[in-house]
Amino acid sequence: MTAFVLVAGCFTGGWIWQEVAERLRESGAEVHPVTLTGMGDRRDEAAGGTDLETHIEDVVRVIDGVDAHDAPEVVIVGHDYGIHPVLGAADRRPERITRVVHLDAGMPRDGDTAGQLVPDEEVRRRLGDGRSGRPGETGDDEEGRIPAPSSAQWQRWGSTAGLTDEALARLTRLAAPQPTGTLTRPLRLSGAVTALPATGVLCTGNGLNIALIEDLVAGGLPQFQHLAKPETSFFELATGHWPMLSCPGELAEVLLRAAEGEGHRITPTGAVPPYLRPFVLDVPERPRERVGRIDLYLPDVSDEPDEVSEAASDRPRPAVVFLHGGPLPADVRPTPRDWPAFVGYGRYAASLGVVGVTVDHRLHGFDDYERAAGDITEAVELVRADPRVDPERIALWFFSGAGLLLAPWLAGPPSWLRCAAATYPILAPLPSWGAVDSRFRPADAVNGAGRLPVVLTRVGLENAEIAATVEDFLAAAKECGTGVEVIDVPDARHGFESIGHTEQSRHAVAQAMGAVLAHLGPF
């Protein structure tokens, strides 16, 4: 017999699993819906000292209470915040767990807090940086709890798609305040849980789907490669963030199939990650200078036509600053400025007579956009101070997840910013991202762009969720009259400079570079 241990997300208790539990029991399974300390019918228990460790201990006790003879297989399910105590408990009892199910939940690592992924921006501000603080010290109520959402506020915590009015009213009526310490105490893992089979159940109404996961794995970044392990599987549910209320029958069926090891498997990438494959264009080598977080690729004055005077050949040149995407783990090696694509872009710009600049900014997590923005500002100031650079003619070029970092420059572009470019950009936080400051939303900022030209390269085979952010941005730009030159690459994917060496992709890179340089003026 299989025993299911079901742990729900913020503000809810074991009651939320009622219909799912009934269907699982009908199949012959043993089911343990968990109500964590301070939640549901346990809300009257003292919350002042309740934190993530308390909830991990709650789940460990439930696991220890499952008879190993009657139910030798234990599948533990974590929804939303619930994945934090689930992983903590599974890490302590790995010998009892046969599978961990992430139900529309993140992939927290050792040292992460649940507060880092809280989607409600107001609550994130009250939690500070999500890494420290004690209950009662972060702007919560006097008992150290975050008040439960009202009926109109649930959308801030996840998509309510699929919920009937009755289900939403029930969710609101039975919700309990969340102890603050459960969101601010870091998760501590020994690593034992990483060896356990896992299943991700993705709720497509909340912005996650298998195609997006496949794209992340295909990108080759190390932090996503474990998703392609043979023992890891995925399912999709066409609903919002609370499938136990919106489609309990379908969820129960998926959980039973997950327990049997079924589900979609992700194909692992090849030996060479895409981001380390050669640049799409064969560009001449250029020496580079490394200063702090930036690399500069300088034009070769020997390339100047004979009629150009020596004085003119030494004149300051415009600069194009290339900004890699993310978030990327802090320990990724080589760092992006050493990836062939960015080396290629820097050399390509220098071969055309301008200074190419690549930057290693610190966008390591969804709550790092402000820090990364500061790194970019610092890098630009360093570039503009270089006597070989014309400080009044700079272009900023954003890639992928760095697209959100375009927002502050659109909101108030300085006079020296002659062009902003974006290639396969993500231009709004995806629904599953959680903690991203509202200042980093280009569609909201574009009405301040004025006459700043924008060059946007759009790929035809983009993930649907990412493509939607681009369309929203273009609609906002059109409404306020901001000029956006769109370069379409119909048969290309995200990261096409490294994975799509076609004539179409080569032409797109050249066209985008030509458009950007045209806005920098003669040089």
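Below or above, wherever it landed, is the structure these notes cover. Each chain has its residues counted from 1, running along the sequence as written. Where local features are concerned, this predicted model is filtered to residues with pLDDT of at least 70; where side-chain atom pairs are given and counted, the filter is 80 or more; whole-chain, interface and lining totals use all residues. Think of the side-chain values as coming from all heavy atoms in the structure, minus any hydrogens and water.

## Overview of the overall build of the protein
Secondary structure elements are taken from DSSP: a helix is a run of H or I of four residues or more, a strand is a run of E of two residues or more, and numbering for both begins at the N terminus. Scanning the protein from terminus to terminus reveals 17 helices and 16 strands. For the protein, whose C-alpha radius of gyration is 25 Å, the value lies close to the compact-globule estimate of 24 Å for 523 residues. Dimensions of the protein, computed from the C-alpha atoms along their principal axes, are close to 90 × 50 × 40 Å. Out of the 523 residues in the protein, the part that is buried amounts to 56%. Only C-alpha atoms enter the radius of gyration, while the globule expectation follows 2.2 Å times N to the 0.38, with N the number of residues. Only protein chains enter the area calculation, which uses a 1.4 Å probe; residues under 20% of their type maximum are buried, those over 50% are exposed, and those in between are partly exposed.

## Description of the side chain of glutamate 30
Considering the arrangement of structural elements, one finds glutamate 30 in strand β2 (residues 30-34). For the buried glutamate 30, no salt bridge exists, and the shortest N-O distance to an oppositely charged side chain is 7.4 Å, to arginine 96. Polar contacts, as used here, are pairs of N or O atoms within 3.5 Å; protein pairs need one atom able to donate a hydrogen and one able to accept it. Residues neighboring in sequence count only if both atoms are side-chain atoms. One polar contact links glutamate 30 to histidine 32, side chain to side chain, over a distance of 2.5 Å. With residues near it in sequence (within four places) discarded, glutamate 30 still touches Met1, Thr2, Ala3, Phe4, Val66 and Ala71. Neither His nor the chain ends is counted toward charge; the positive residues are Lys and Arg and the negative residues Asp and Glu. Salt bridges, as used here, are contacts in which a Lys or Arg side-chain nitrogen is within 4 Å of a carboxyl oxygen on Asp or Glu. Residues count as neighbours in contact if any of their non-hydrogen atoms are within 4.5 Å of one another.

## Details of the packing of helix α11 (residues 340-351) against helix α17 (residues 503-520)
Here an angle of 0 to 180 degrees is reported between the N-to-C directions of two axes, which are lines fitted to C-alpha atoms, with helices fitted over the stretch in contact. In contact at an axis separation of 11 Å, α11 and α17 are set at 55° when each is read in the N-to-C sense. The angle between the axes of α11 and α17 places the two elements in the oblique class. The handedness of the crossing between α11 and α17 is right-handed. Here α11 contributes Tyr345, Tyr348 and Ala349 to the contact with α17, which in turn contributes Val509, Ala510 and Met513. Nonpolar residues are Ala, Val, Leu, Ile, Met, Phe, Trp, Tyr, Cys and Pro. Charged residues are Asp, Glu, Lys and Arg, and all others, Gly as well, are polar. Grouping the amino acids of the contact of α11 with α17 by side-chain chemistry returns 6 nonpolar, no polar and no charged. Put simply, angles under 35 degrees are roughly parallel, angles over 145 are roughly antiparallel, angles from 65 to 115 are roughly perpendicular, and the rest are oblique. In a left-handed crossing the near helix is turned counterclockwise from the far helix by less than a right angle, and in a right-handed crossing that turn is clockwise.

## Digging into the side chain of threonine 335
Note on placement: threonine 335 falls in the loop between β11 (317-323) and α11. A distance of 2.6 Å separates the side chain of threonine 335 from the side chain of aspartate 360, its partner in a polar contact.

## Observations concerning the nonpolar core
With 97 residues, the main nonpolar core has Val320, Phe322, Leu396, Trp397, Leu405 and Leu410 as its most contacted residues. Examining the composition of this core, we find that 8 residues originate from one element, α17, more than from any other. For valine 320, the contacting residues outside a window of four places in its chain are Val354, Val355, Gly356, Val357, Ala395, Trp397, Val516, Leu517 and Leu520. Grouped together as the second largest cluster of nonpolar side chains are 72 residues, Phe11, Val59, Leu103 and Val254 included. For this analysis, a nonpolar core means a set of buried residues of the types Ala, Val, Leu, Ile, Met, Phe, Trp, Tyr and Cys, connected via side-chain atoms within 4.5 Å.

## Some words on the sheet that holds strand β3 (residues 73-79)
Two strands qualify as a pair provided that DSSP identifies no fewer than 2 bridges between them. Reading across the sheet, the 6 strands line up as β2-β1-β3-β4-β7-β8 and stay open at both edges, with parallel pairing between neighbours. Lying at the two open borders of the sheet, with one neighbouring strand each, are β2 and β8 (232-237). For this sheet, the mean angle separating the axes of adjacent strands, direction not counted, is 20°. Note that β3 and strand β4 (residues 97-103) share 6 bridges and pair parallel. Paired with histidine 79 across the strands is leucine 103, a residue of β4. The strands touched by helix α3 (residues 83-92) are β1 (2-7), β3 and β4; relative to β4, the strand with the most contacts, the crossing angle is about 165°.

## Examining the environment of proline 327
With respect to the element layout, proline 327 can be found in the loop between β11 and α11. Through-space distance from the C-alpha of proline 327 to that of tyrosine 369 is 8.8 Å; in sequence the pair is 42 residues apart. Once you skip the residues sitting within four places of it in the chain, proline 327 turns out to touch Gln223, Leu363, His364, Gly365, Phe366 and Tyr369.

## Concerning the sheet that holds strand β16 (residues 484-489)
Pairing is mixed in the open sheet, where 8 strands are placed in the order β9-β10-β12-β11-β13-β14-β15-β16. The sheet is open, and its two edges are formed by β9 (288-291) and β16, each paired on a single side. For this sheet, the mean inter-axis angle between neighbouring strands, taken without regard to orientation, is 20°. Inspection of the sheet shows β11 paired to strand β13 (residues 389-399) by 6 bridges, in the parallel sense. Bridged to valine 320 within β13 is alanine 395. Sheet strands in contact with α11 are β9, β10 (294-297), β11, β12 (355-359) and β13, and its direction is about 170° off that of β11. Relative to the sheet, helix α12 (residues 369-384) contacts β9, β10, β11, β12 and β13, its axis offset from that of β13 by approximately 150°.

## Side note on the environment of histidine 55
Tracing the backbone shows histidine 55 in helix α2 (residues 52-65). Classification of histidine 55 as buried rests on a relative accessible area of 0%. For histidine 55 and glycine 38, which are 17 residues apart along the polypeptide, the C-alpha to C-alpha distance reads 9.3 Å. Those residues in contact with histidine 55 that lie beyond four places of it in its chain are Leu36, Thr37, Met39, Thr50, Tyr81, Pro85, Gln178 and Thr182.

## A closer look at the packing of helix α1 (residues 18-26) against helix α9 (residues 248-259)
Running from N to C, α1 and α9 cross one another at 50°; their axes reach a closest spacing of 9 Å. Judged on the interaxial angle alone, α9 and α1 are oblique. Note on packing geometry: the crossing formed by α1 with α9 is right-handed. Contacts from Glu19, Val20, Arg23 and Leu24 in α1 reach Pro248, Gly249, Leu251, Ala252, Leu255 and Leu256 in α9. Its residues assigned to classes, the contact of α1 with α9 shows 7 nonpolar, 1 polar and 2 charged.

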